[in-house]
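Inside the fold
Chain residues, written in single-letter form:
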Amino acid sequence: MTETSASGRSAATADPIVPKPVSGTVDYLDQRVGAASMIKGLARKIFPDHWSFLLGEIALYSFIVLLLSGIFLTMFFVPSMAEVHYPEDALPVTMQGIEMSEAFASTVYMSFHVRGGLLMRQIHHWAALLFVASMVIHMLRVFFTGAFRKPRELNYLVGFSMLILSLLAGLTGYSLPDDVLSGNGLRITDGVVKSIPIIGSYMSYMVFGGEFPGTDVIPRMFTLHILLIPGLILALVALHLFLVFWQKHTQYPGPGRTDKNVVGYPLFPVYMAKAGGFFFIVFGVLALMGGIMSINAVWNYGPFDPALVSAGAQPDWYMLFLEGSLRLMPGQPEFVILGWTLSLNVLIPAVVLPGLLFTFLGAYPFIERAVTKDMGEHHVLDRPRNTATRTSLGAAFLSVFIVLLIAGSNDLVATHFGLSLNAITWALRVLIFVLPVVVFIITKRICLALQRKDREVVLHGHETGQVRRTADGKFYEVHQPLDEYERWIKVGHHVYRPLQLAAREDANGVRRPGGHLDNLRTSFSRFFYEDRVEPVTPTEIAAAHGNGHAEITEGEPTHAGELTSTGGTSR
Amino acid sequence: MLLLAFALVLVGGVYTAVTPTTAQADSLASADPAKGADLFRTNCSTCHGTGAVGSDLAPSLIGVGAASVHFQVTTGRMPMQANAPQAEEKPPQFSEAEALDMAAYIASLGPGPEIPTAEQVDPALGSPANGMLLFRTNCAMCHNAVGAGGALSEGKYAPSLMDSTPTVIYEAMLTGPQSMPGFNDAILSPEEKRDVIAFLIEQREPQPGGLSLGSLGPVSEGLWVFVVGLGVLIGFSVWIGSRSS
């Protein structure tokens, strides 16, 4: 028997196909679920390639790391607010014999006495920070490159929902250890809920099962944190990835890339290898961070006591903008109306402002669609400079977010840069209104300038630094003309024009359809697209070439055709 | 077991680190008030007035006690360098012996808090767990949960306690320098002060979780996740992205 099989194997190696165990398994699966046709389709699916497309993968992999490390943590964490005393003979010495909740005791005990417990906690927490961070960076990439345009608006909303859910996952997870810092965070949550007019106090009682902190909130948060929220995120991840497959991935502008094709590499083997390898890189970096960088050392804060708060009490970074808006808000606007307290000093910074920011973020694809009235599908990404208003709005949004982050860490800014806390707060109170406007204007000017630069380079080529003198004494700089691959990138984009409102009545005296919203739409459209630089048209290139692109001297008019108001798409 | 051995080594290490301070603190009895008076006249009387009676610029020092002088001079806060929101800690301008001479001189002008004995500030005798409870109730709102420091209003701040000697910590609690409230023996008994010191010394051990990142909490953690985590991973992304063709 052994001899036969050995000879059979040698025959197989002579015939260089797949080894028998692999082919056998594949054959088994193929005959039962039709794996071959499925894999054939998937394996040959083409994906475009760019490093920024890996940002979302960082989020996906940190989520997997979160699930794995989270499962470990649930084995040792006790989600209970029952009172216990920390064992006298257990580390750390600062906690010996202290009265605390079981949730806190199990967290500390897990960190010091469960093998690998602290490592897992730290990996979990770093992965959580990285998860949200990479989601945000991924979302910025999607925003600034216009990847949210038709047909991907729905997938943008799926991603947006995941961002909100991840914030909730962070908030609930952060509250579980029941240390002073997490209790402070819950107290702020309680205050924010209570600031909602009329229903606030009832909602707070509902969340905490009575007056804060009560004994219900940690078991409830636990269920949300390990069951409901991860389940929802997982389902949305599946939907998100399915839609990426189904709608195909976007691609950056480049030679031969249009809205009707996908230029890239097949999923198998190129992306299987890349993505698989990248998972281990992400896991490795997180494990390294968990191994050498301390995070959320809860025993430093001690068990929660509602009376306590320490200096430098802040939430994790993704909630810091809320802390910042609360710190910026002056305390005066609190009114008592007929015995009802209206806490605008909490309501505005903690409910209204984040509401506005998130509404803008979630609604942006639809806003842009409304002002362009563009019904076409877009699979080629925008270069951010070519969509000046969108890029500037995004930059202005980011500037508000960053002001809020700095405001949230104003005490650390004060001590580390030797500044006055009061001066920082006042400066930021002004900046939160002024900075977005300034950033918008500057970004827009930079974008338009870059577009003009593109025009110039397309028309006249790159500067070479070589100055030549002709026989008759004339000087000129030699310009290196663009090859057509580079030119494709610089002239291929679409330029929108402001929507025009038709006359109120046509020649026959019939009123045009549409109501007052059309007025609004056109004024928005004008805001978006009034300032623009047209991409170079083939005619212009021909004219420039006829001129002799290598012999253009300085002072010659280079702005021909710029800011024209006629013509449609130039491609 | 390993942790226990580790803890033992640390306690021993802390004990030896603390011993020299206690030797110095003991020598107030051998200090020379006359020499202190000379030093005071040359270096302090411009602001604090001859005879330490105070002036428009600085308060009277009669009755502030030896502990206050020892604290201010050995941490370099006095003589004050500039008219800042608060006196900055800087390299001490006087030797320990000179500081004790001045402390003896001020103590001779009127009774006040005394420099603690070696036993009073010995962290090995205190309870870190009780110190934790006391610290977070009385100190953490300004000095941060583990004594890493924090901001106060108008450019003032509560300094980090990570490098302060047990004697200096005790003296600060006793005398309440600058913006800090004083914690006399009726508020925090000498034993409780020692517990606080034991808790603070415990924080200087290497963090069980690795690099402490300044013990500043979530803001520094958030900064580092962007710098290290995202920084490294974006670097890898660019590398992977460039490996296609």
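Residues numbered from 1 in each chain as written. Chains lettered and ligands numbered in written order. Predicted model: local features only at pLDDT ≥ 70, side-chain atom pairs only at ≥ 80, totals over all residues.

Things to note about the interface of chain B and chain A
Opposite the 52 residues of chain B that make contact, chain A presents 59 residues. Those elements that place two or more of their residues in the side of chain B that touches chain A are helix 6 (128-138), helix 7 (140-143), strand 1 (150-151), strand 2 (157-158), helix 9 (190-202) and helix 10 (218-241) of chain B. Top contributing element to the side of chain B that touches chain A by residue count: helix 10 of chain B, with 17 residues. Per-class residue counts for the side of chain B that touches chain A are 30 nonpolar, 18 polar and four charged. (Contact = placed C-beta atoms within 7 Å. Helix = DSSP H or I, 4+ residues; strand = E, 2+ residues; numbered from the N terminus. Nonpolar A, V, L, I, M, F, W, Y, C, P; charged D, E, K, R; others polar.)

Some remarks on the confidence of the model for chain A
Should the pLDDT be low somewhere, the predicted coordinates at that spot are not to be read in detail. Residues and elements named next belong to chain A. Taken over all residues, the pLDDT of chain A has a mean of 87, while the share at 70 or more is 92%. Every residue in residues 1-14 scores below 50 in pLDDT, and together they form one contact with partners more than four places removed in sequence or on other chains. In the predicted structure, residues 548-571 sits below a pLDDT of 50 and forms 30 contacts with residues beyond four places in sequence or in another chain. (pLDDT = per-residue confidence, 0-100.)

Topic: helix 2 (residues 20-33) of chain A
Residue and element names in this part refer to chain A. If you check helix 2, its first and last C-alpha atoms are 20 Å apart, about what 14 residues at 1.5 Å a residue would give, namely 20 Å. Little of helix 2 sits inside the fold, with zero of its 14 residues counted as buried. Phi turns positive, to about 65°, at Gly 34, one or two residues after helix 2. (Expected span 1.5 Å × (residues − 1). Buried ≥ 20, exposed ≤ 12 C-beta atoms within 10 Å, placed from the backbone.)

Some remarks on the domain arrangement of chain A
When its domains are assigned, chain A resolves into domain 1 (2-43) and domain 2 (50-72 + 118-382). Each of domain 1 of chain A and domain 2 of chain A has a C-alpha centre, and these two points are 44 Å apart. (Domains from an automatic or database assignment.)

Some thoughts on the domain arrangement of chain B
Size of an interface, as often reported, equals the accessible area lost when the parts are brought together. All names here are of chain B. Each domain of chain B was delimited in the assignment, giving domain 1 (20-115) and domain 2 (132-207). Using only C-alpha atoms to locate each centre, domain 1 and domain 2 end up separated by 21 Å. Facing the 17 residues of domain 1 at the interface are 15 residues of domain 2. Listed by contribution, the elements that provide at least two residues to the side of domain 1 that touches domain 2 are helix 1 (2-25) and helix 4 (65-74). Ranked by residue count, the leading element in the side of domain 1 that touches domain 2 is helix 4, at seven residues.

What about the nonpolar core?
The biggest cluster of nonpolar side chains holds 158 residues, and the ones touching the most others in it are Trp 126, Ala 127, Leu 130, Phe 131 and Leu 286 of chain A together with Ala 103 and Ile 106 of chain B. Looking at this core, the element that brings in the most residues is helix 6 (residues 117-144) of chain A, giving 16 residues. Other than its neighbours up to four places away in sequence, Phe 131 of chain A contacts Ala 59, Ser 62, Phe 63, Leu 66 and Ser 166 of chain A. The next biggest cluster of nonpolar side chains, apart from the first, holds six residues, and it includes Val 458, Leu 459, Leu 482 and Ala 544 of chain A. (Core = buried A, V, L, I, M, F, W, Y, C linked by C-beta atoms within 7 Å.)

Side note on the confidence of the model for chain B
The pLDDT averaged across chain B works out to 86; a share of 88% of its residues lies at or above 70. In the model output, the complex is listed with pTM 0.87 alongside ipTM 0.85.

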